[in-house]
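# Remarks on the overall topology
The chain contents come next:
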Amino acid sequence: MFTGLIEEVGTVLRREGARLVVSAQVILPDAAEGASVAVNGVCLTVVESGPGLVGFDLGPETLARTTLGDLGVGHLVNLERPLRLGALVGGHLVQGHVDGVGLVSDLTREGETARLRLRCQDDALAALLIPQGSVAVDGVSLTVAALAGAAFEIMLIPHTLKETTLGGLRTGKRVNLEMDMIGKYVHRALAAQSAPAR
């Protein structure tokens, strides 16, 4: 479980088959082999750790469901260690289980802030978004500012633009989306109640 508050931005150092190796400093003390780390919002298991780096193996399901297969040497990634029980939850509860991929429609600077417009590739995901609700974009805990069908908008503050990869997004870029966990359970429960009995 994570909070969507990014601790550092790492750089992809190597891609060798299923292995993804990224630079890291802040998360390293808790990144021993077997530990969990969120990489662009995807919960991965550490399989390699060394001075200034941490490595993960990407399975077929992860590559099919997320944007991690798009990463190459030099790409930047958001990194976060798991939430510690009893710690403050400054963002929202993020599982690191990506629901789908979004496409960046636009990133417009408005003074020191920016308006990010995204579209869900799977229109069904839009039902899990509500105005002023939570969503994780590449692992960053954010608040939905506006909805329009399968598209939505988010306002990015200067800190988010500076301390995460979101400030570098461009039109057409694919991002990982994780919808709010509570909303997913409510949606599923309501769908089950309205399903015809067999």
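Residues numbered from 1 in each chain as written. Predicted model: local features only at pLDDT ≥ 70, side-chain atom pairs only at ≥ 80, totals over all residues. Heavy atoms only, no water.

### So, the pairing of strand β3 (residues 36-39)
Sheet analysis places β3 next to strand β4 (residues 42-50), joined by 4 bridges and oriented antiparallel. Counted as the bridge partner of A38 is C43 from β4. In this antiparallel pair of consecutive strands, β3 and β4, the connection spans 2 residues, and N40 shows a positive phi of 50°. (Pairing = 2+ DSSP bridges. Helix = DSSP H or I, 4+ residues; strand = E, 2+ residues; numbered from the N terminus.)

### Some remarks on the pairing of β4
As judged from the 4 bridges shared by β4 and strand β5 (residues 53-57), these two strands associate in the antiparallel manner. The partner of V46 across the bridge, within β5, is F56. Once β4 ends, the chain turns through 2 residues before running back antiparallel as β5, passing G52 with a positive phi of about 75°.

### Focus: the environment of P158
Considering the arrangement of structural elements, one finds P158 in helix α2 (residues 158-163). Separated by 47 residues in sequence, P158 and G111 place their C-alpha atoms 9.4 Å apart. If we ignore the near neighbours within four places in the chain, the residues touching P158 are E112 and T113. (Contact = heavy atoms within 4.5 Å.)

### Topic: unusual backbone geometry
Backbone geometry places N40, a non-glycine residue, at a positive phi of 50°. Note that N40 resides in the loop between β3 and β4. On the basis of relative accessible area, N40 is assigned to the buried category, the value being 3%. Of note, Q132 is a non-glycine position whose phi angle comes to about 65°, a positive value. (Buried < 20%, exposed > 50% of the residue type's maximum accessible area, 1.4 Å probe, protein only.)

### Things to note about the nonpolar core
Counting 24 residues, the largest nonpolar core has V135, V137, F152 and L156 as the members making the most contacts within it. Breaking this core down by element, the ones donating at least two residues are β7 (100-110), β8 (113-120), β9 (134-137), β10 (140-148), β11 (151-156) and β12 (174-179). When residues in this core are grouped by element, the largest group, 4 residues, is from β8. Counting 21 residues, the second largest nonpolar core, distinct from the first, contains A24, A31, V37 and V46. (Core = buried A, V, L, I, M, F, W, Y, C linked by side-chain atoms within 4.5 Å.)

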